[in-house]
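# Geometric and topological summary
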Amino acid sequence: DAGVTQSPTHLIKTRGQQVTLRCSPISGHKSVSWYQQVLGQGPQFIFQYYEKEERGRGNFPDRFSARQFPNYSSELNVNALLLGDSALYLCASSLLRGGVYGYTFGSGTRLTVV
Amino acid sequence: AQKITQTQPGMFVQEKEAVTLDCTYDTSDPSYGLFWYKQPSSGEMIFLIYQGSYDQQNATEGRYSLNFQKARKSANLVISASQLGDSAMYFCAMREENDMRFGAGTRLTVKP
């Protein structure tokens, strides 16, 4: 079975540009969450989507947005990129929205803003 | 507010010895889950072990065990018989309703 897949694996953008990151969850998983991990820190929660609806949002500016498609894949969009947006962006999927189930993470997209 | 605290930025352990990585948490929710993840330099978060708040016994998974002390709100990870491949970042995390919160992590280095 395929795990959580993210694309692209690496990309470099210029300040002010926009970027779209993609995530495909494990087959059957209906919940997708996005995390930002700045170098040297733990992952920070950005969004959770379940059944194509936003179920949770972390403390990130409106430049960050996301959506989930009918096949449960997801996109994370970041507008007006800043140098501080440089980070590893992790996508995680889980079977259910809440409770005590853990996540399966993808390998991440490493974004560098120059 | 910080909900997961890992006070050890870095730890060293000799190969084949045991090591304990500390984690304390803060929540008012009676139902929660505690997790430990390993993150090698490749970046992927690898699930190691899970402890539910209502579980009576400490979780174990192979060489990994979780020392769960609910009253003290601590969930320390014990790695027995350390191997060189255990060198990585280790994150403690707590799952609540809509998200999972992570600690700052501990970098473990296993010495040969």
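Refer to the structure printed above.
Residues numbered from 1 in each chain as written. Chains lettered and ligands numbered in written order. Predicted model: local features only at pLDDT ≥ 70, side-chain atom pairs only at ≥ 80, totals over all residues. Heavy atoms only, no water.

Before going further, it helps to examine the overall build of chain B. The secondary structure content of chain B amounts to zero helices and 12 strands. Along chain B, helices (α) and strands (β) appear in the sequence β-β-β-β-β-β-β-β-β-β-β-β when read from the amino end. Whereas a compact globule of 112 residues would reach a radius of gyration of roughly 13 Å, chain B reaches 13 Å, a difference of no more than 12%. The C-alpha extent of chain B, read off along each of the three principal axes, is 40 × 25 × 20 Å. By residue count, 47% of the 112 residues in chain B fall in the buried class. Sequence-distant contacts, at least 24 apart, represent 52% of the contacts inside chain B between residues at least 6 apart. When the accessible area of chain B is evaluated, it comes to approximately 5,500 Å², of which 48% is carbon and sulfur surface. Here chain B contributes 11 positive and 12 negative side-chain charges, whose respective centroids are spaced 4 Å apart. (Helix = DSSP H or I, 4+ residues; strand = E, 2+ residues; numbered from the N terminus. Rg over C-alpha atoms; globule rule 2.2 N^0.38 Å. Buried < 20%, exposed > 50% of the residue type's maximum accessible area, 1.4 Å probe, protein only. Contact = heavy atoms within 4.5 Å. Areas by Shrake-Rupley, 256 points an atom, 1.4 Å probe, with all protein chains shown as cover. Lys, Arg positive; Asp, Glu negative; His and termini not counted. Charge placed at Lys NZ, Arg CZ, Asp CG, Glu CD.)

Listed by partner, the interface residues are 25 residues for chain A and 22 residues for chain B. The interface formed by chain A and chain B contains zero salt bridges. At the junction of chain A and chain B, the tally comes to three residue pairs in polar contact (both at pLDDT 80 or more). Put simply, the parts of the chain that give the side of chain A that touches chain B at least two residues each are strand E4 (31-37), strand E5 (44-50), strand E6 (53-57) and strand E9 (87-94) of chain A. A per-element tally of the side of chain A that touches chain B places E9 of chain A first, with three residues. Among the residues forming the side of chain A that touches chain B, the class breakdown is 10 nonpolar, 12 polar and three charged. (Salt bridge = Lys/Arg side-chain N within 4 Å of Asp/Glu carboxyl O. Polar contact = N/O pair within 3.5 Å; in protein donor to acceptor, adjacent residues only side chain to side chain. Nonpolar A, V, L, I, M, F, W, Y, C, P; charged D, E, K, R; others polar.)

This brings us to the sheet that holds strand E8 (residues 74-78) of chain A. Within a beta sheet, neighbouring strands are joined by backbone hydrogen bonds and run either parallel or antiparallel to one another. All names here are of chain A. With antiparallel pairing, four strands are arranged side by side in an open sheet as E1-E3-E8-E7. Looking at strand neighbours, the two that pair on one side only are strand E1 (5-7) and strand E7 (64-68), the edges of this open sheet. Mean inter-strand twist for the sheet, computed between neighbouring axes without regard to direction, equals 15°. Bridging between strand E3 (residues 19-24) and E8 involves five bridges; their strand directions are antiparallel. (Pairing = 2+ DSSP bridges. Axes fitted to C-alpha atoms, helices over the stretch in contact; angles between N-to-C directions.)

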